[in-house]
Structure formats: structure tokens, C-alpha cells
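# Coordinate analysis (summary)
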Amino acid sequence: MLTRWDPFAEMVSLREAMGRLVNESFVRPNSQSPTALSAAFPFDVYEAGDQVLVRIAIPGADQDSIELTVNQGVLAIKGYRHFYSGDQEKQYTWHIRGLVEGPFQFAVVLPTMVDAEAADASYDNGLLTITLPKAESVKPKRIAVKGASTPETITSGSHQPG
């Protein structure tokens, strides 16, 4: 079978190349399995009030397989994606496989310390949303300002000539 080569199909923008480099080097450094997803998941990390929110697009993930852990300021996400049964895969002549299946592992460094015990997560339409309350130790604290106290207390009727 003869396949036509398109040189422009293999070109990658500098932005995409740098994105891959950063994601593969820093975001997922412990990807030990050759079956782990090579494509980075699009994600957002942002703060809203006293919470840190992480949203990750993981289409096709089995909700029951998703495992979340927070350890030393790093949120780790593990799970499994499956799109086709083994019988379906054998029926098709594949030209491009962009929807990678199998186990995945993803990690992101959180911008501040969080209270993992009070975290909440939901998975809806392929979007995993994780809400992590900030740890009490990093929340802003109001400090009361006290006036300077005088060593003598002046009471009414004890006016001293001056």
C-alpha cells in the first residue's frame, strides 16, 4: 500500500512544541508507562476567593477510574480512557488515532497550599472540575491595630495644673 506524504502535516508551531516540552518535562515527569497518554490535557488552574480550582478536559475517561491525590502541593490525577471495544477496533481501517486510550496520569503544581480533606470534584461531559479550599495557614488574616497606651490613667476630677 502506497501512502502519500504531506510535509506540512508534520509541521508543528513553535507554541505547540514549547507547550509539549513544558508539559512532558514538568507537568508529567513521572509518566513511567509507555501506554500513558503522550498528549497533554488542556487544563485551567485559577483562584476564586478562598479556593483554588482546577478544570481538566478528559473526554472519554471512566469516572469511576479517576483517582485524585494531593501531596506536597502537587495535584495528581490518574484514570483510564476507553473509546472503542476490542471488536470495534478490529473492524476499522485506522488512518489517524488521535483519541488515545488507556491509563493516563497527569500532575499539576498548585499555586498555594490547600486543604485536601475538604476538596470536592465533579466530572461532567468530559470536564473534571476540582475545588480545593485554601489552607487556613495561607488565608489572609486581619490584624487589629491597638492604640498606644499611656502609663498614667487620668480620671475625671483629677486635673493637675500644668
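Everything below is about the structure printed above this text.
The rules behind these values
Residues numbered from 1 in each chain as written. Predicted model: local features only at pLDDT ≥ 70, side-chain atom pairs only at ≥ 80, totals over all residues. Heavy atoms only, no water. Pairing = 2+ DSSP bridges. Helix = DSSP H or I, 4+ residues; strand = E, 2+ residues; numbered from the N terminus. Axes fitted to C-alpha atoms, helices over the stretch in contact; angles between N-to-C directions. Phe/Tyr/Trp six-rings, centres within 6.5 Å; stacked < 30°, edge-to-face > 60°. Buried < 20%, exposed > 50% of the residue type's maximum accessible area, 1.4 Å probe, protein only. Salt bridge = Lys/Arg side-chain N within 4 Å of Asp/Glu carboxyl O. Lys, Arg positive; Asp, Glu negative; His and termini not counted. Polar contact = N/O pair within 3.5 Å; in protein donor to acceptor, adjacent residues only side chain to side chain.

## As for the sheet that holds strand 7 (residues 127-133)
Pairing is antiparallel in the open sheet, where 4 strands are placed in the order 1-2-7-6. Every interior strand has two partners, whereas the edge strands, strand 1 (43-48) and strand 6 (120-124), have only one. Between one strand and the next, the sheet's axes are offset by a mean angle of 15°, whatever the strand orientation. In the sheet, strand 1 pairs with strand 2 (residues 51-57) via 6 bridges, with the strands oriented antiparallel. Its bridge partner lying in strand 2, Glu47 is registered against Val52.

## Here we look at the packing of aromatic side chains
Centre distance and the angle of the planes are the two values used to describe a pair of aromatic rings. Applying the stated criterion across every chain yields a total of 3 aromatic pairs. Centre to centre, the rings of Phe41 and Phe104 are 5.3 Å apart; their planes meet at 70°, and the pair counts as edge-to-face. With Phe41 in the loop between helix 1 (14-27) and strand 1 and Phe104 in strand 5 (residues 102-109), this residue pair connects regions lying 63 residues apart in the sequence. Its relative accessible area of 5% is what places Phe41 among the buried residues. An angle of 75° between the planes, with centres 5.9 Å apart, marks the rings of Phe41 and Phe106 as edge-to-face. With a gap of 65 residues between them, Phe41 in the loop between helix 1 and strand 1 and Phe106 in strand 5 connect regions that are remote in the sequence. With respect to burial, Phe41 and Phe106 carry one shared label: buried. Members of the aromatic cluster, joined through ring pairs, are Phe41, Phe43, Phe104 and Phe106.

## Side note on the pattern of salt bridges
Tallied over the entire structure, the rule returns 2 salt bridges. For Lys134, the salt bridge identified is with Glu47, shortest N-O distance 2.5 Å. Of the two residues, Lys134 sits in the segment after strand 7 while Glu47 sits in strand 1, which places them 87 residues apart along the sequence. When its relative accessible area of 14% is taken as the criterion, Lys134 is described as buried. In this structure, the salt-bridge partner of Lys139 is Glu136, at a minimum N-O distance of 2.8 Å. A relative accessible area of 19% means that Lys139 is categorised as buried. Using a relative accessible area of 53% as the deciding quantity, one classes Glu136 as exposed.

## Re the side chain of Arg81
Looking at the element boundaries, Arg81 is found in strand 4 (residues 74-81). Buried charge Arg81 goes without a salt bridge, the closest partner of opposite sign being Glu101 at 8.1 Å. One polar contact links the side chain of Arg81 to the main-chain carbonyl oxygen of Pro59, over a distance of 3.1 Å.

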